[in-house]
Amino acid sequence: MAIASRRVLALALGALLTTGLFASTAEAQETQAGVSRVAAVTPPAANAKFDYQIGGAYTPPSGVTVVSRDRQDDPASGIYNICYVNAFQTQPIQSEIDMWRAKGLTLKDSRGKEVVDGQWDEILLDITTDAKRRAVAAVVNGWIDGCAADGFKAVEPDNLDSFSRSQNLIDEQDAIAYISLLISHAHSKGLAIAQKNTIGDLGDGGIGTAGRDAGLDFAVAEECGRYSECGGYQALYGNRVIVIEYTTSGFNKACTAVGASVSVVRRDTAVSPNGPYQAC
């Protein structure tokens, strides 16, 4: 398509949006194949006071304007809510494990044994083929639909880095191809979507710029202060980075390094409602 023609088409689409002939939340987005429509998304505000409540919901501390909660909890009233979804591994809940097993989507090694993230006792999901990625995404995107319906404004798909615990059965390209399915669906529902952890170069334990390039909107980084990684997330997402630390020393390091420009909070590893909370 010629540049001039594309400009005319973009102007025409803008006029349609202004006059309400498209849905009020839709915006035009050009693709190589033509033009597609996605819902407008708004990432959480940079350096907002944040709370991490994925271990159980409670009344947010005073001044908190952004909170992350599990998809099965209601969003907090009057503030920006991020919906936590375990997108790459099973939750340690038997009914969910049974559901994934019935669909044949748990990852198995050459002996037929399920591959488990031992730290959290979670089985990895099988995203090794396009068909399996789409089957897993069909379930997770249903959860994302629920997040949108409940009033969440963003989604946090956890365990993007599960390829590093997969006994080399899953690689970074599998993870990128799969997260791309979640990105397009989340955006179609008006939800921003986060890169959860997984900093580092592609092929060296991370995914480099691939997540950002695929459309991820901001980052949720656990313990980047402790491991001196916060600058890497800022290089990708500017100040749209949310940092969670689980130790006093990590929290202090993160506050010193990036606390003036991004959201930093300290919680306990269980993220329990009665656990410690600090923000800088």
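In the block above lies the structure referred to throughout.
Structure report, in brief. Every value quoted in this text rests on a predicted model; they were computed, and no experiment measured them.

1. Quick notes on the nonpolar core
Judged by nonpolar contacts, the single largest core of 51 residues is most densely connected at V140, Y178 and L182. Of all elements in the fold, only β5 (80–86), α3 (130–150), α4 (172–188), β10 (218–222), α6 (230–237), β11 (241–245) and α7 (248–258) reach the threshold of two or more residues within this core. For this core, the element with the highest residue contribution is α4, accounting for eight residues. Once you skip the residues sitting within four places of it in the chain, Y178 turns out to touch A87, F88, I127, R133, V136, A137 and V140. Listed in part, the 17 residues of the second largest apolar core include I82, A154, F218 and I242.

2. Topic: the environment of V66
Mapping V66 onto the fold places it in strand β4 (residues 66–70). Between the C-alpha atoms of V66 and F50, which are 16 residues apart in sequence, the distance is 4.8 Å. When residues no more than four places from it in sequence are discounted, the contact partners of V66 are P44, A48, K49, F50, D51, Y80, I82 and I242.

3. Regarding the pattern of salt bridges
Under the counting rule described, the total for this entry stands at 15 salt bridges. Residue K196 pairs with D158 through a salt bridge whose shortest N-O separation is 3.1 Å. Placement of K196 in strand β9 (residues 192–196) and of D158 in strand β8 (residues 154–158) is noted, with a sequence separation of 38 residues between them. Given the relative accessible area of 10%, D158 is considered buried. R267 is the salt-bridge partner of D268, the closest N and O atoms lying 3.3 Å from each other. The class for D268 is buried, based on a relative accessible area of 16%. Given the relative accessible area of 0%, R267 is considered buried. One salt-bridge network, in which partners are shared between bridges, spans E156, D158, K196 and E222.

4. Points about the environment of N159
Structurally, the position occupied by N159 is in the loop between β8 and α4. The exposure class assigned to N159 is buried, which follows from its relative accessible area of 8%. Along the backbone, N159 and Q89 are 70 residues apart, and their C-alpha atoms lie at a distance of 6.8 Å. Once you skip the residues sitting within four places of it in the chain, N159 turns out to touch N86, F88, Q89, E122 and R165. A distance of 2.9 Å separates a polar atom in the side chain of N159 from a polar atom in the side chain of N86.

5. Looking at the state of the cysteines
One pass over the full model with this rule turns up three disulfides. Between the sulfur of C83 and that of C147 lies a disulfide, 2.1 Å long from S to S. On the sign convention where negative is left-handed, the bridge of C83 and C147, at about -55 degrees about the S-S bond, is left-handed. Of this pair, C83 sits in strand β5 while C147 is found in helix α3, placing the two residues 64 residues apart along the sequence. Here C224 pairs with C230 through a disulfide, and the sulfurs are 2.1 Å apart. As the torsion about the S-S bond is roughly 90 degrees, the C224-C230 disulfide counts as right-handed.

6. Quick notes on the sheet that holds β10
Pairing is mixed in the open sheet, where nine strands are placed in the order β3-β4-β5-β8-β9-β10-β11-β12-β13. In this open sheet, the two edge strands, each paired with only one partner strand, are β3 (50–53) and β13 (278–279). Two strands pair when backbone bridges link them, and β9 and β10 are joined in this way by three bridges, in the parallel orientation. Residue pairing in the sheet places K196 in a bridge with V220 of β10. Most of the contacts of α3 go to β5, to which it runs at about 160 degrees, and overall it touches β5 and β8. Most of the contacts of α7 go to strand β12 (residues 263–266), to which it runs at about 165 degrees, and overall it touches β11, β12 and β13.

7. Quick word on α6
Turning to α6, its buried residues number three or more, namely C230, Y233, L236 and Y237. Taken end-on, α6 shows its buried residues confined to a sector of 125 degrees, consistent with a single buried face. In this structure, the buried residues of α6 make contact with β9, α5 (210–214), β10, β11 and α7.

8. Some words on the packing of aromatic side chains
Summed over all chains, the structure comprises three aromatic pairs. Consider the rings of W100 and W143, whose centres lie 6.0 Å apart with planes at 85 degrees: the pair is edge-to-face. In this pair, W100 is assigned in helix α2 (residues 94–102) and W143 in helix α3, connecting sequence segments 43 residues apart. The residues W100 and W143 share a single accessibility class, namely buried.

Calculation rules
- Residues numbered from 1 in each chain as written.
- Predicted model: local features only at pLDDT ≥ 70, side-chain atom pairs only at ≥ 80, totals over all residues.
- Heavy atoms only, no water.
- Core = buried A, V, L, I, M, F, W, Y, C linked by side-chain atoms within 4.5 Å.
- Buried < 20%, exposed > 50% of the residue type's maximum accessible area, 1.4 Å probe, protein only.
- Helix = DSSP H or I, 4+ residues; strand = E, 2+ residues; numbered from the N terminus.
- Contact = heavy atoms within 4.5 Å.
- Salt bridge = Lys/Arg side-chain N within 4 Å of Asp/Glu carboxyl O.
- Polar contact = N/O pair within 3.5 Å; in protein donor to acceptor, adjacent residues only side chain to side chain.
- Disulfide = S-S within 2.5 Å.
- Pairing = 2+ DSSP bridges.
- Axes fitted to C-alpha atoms, helices over the stretch in contact; angles between N-to-C directions.
- Arc of directions from axis to C-beta.
- Phe/Tyr/Trp six-rings, centres within 6.5 Å; stacked < 30°, edge-to-face > 60°.

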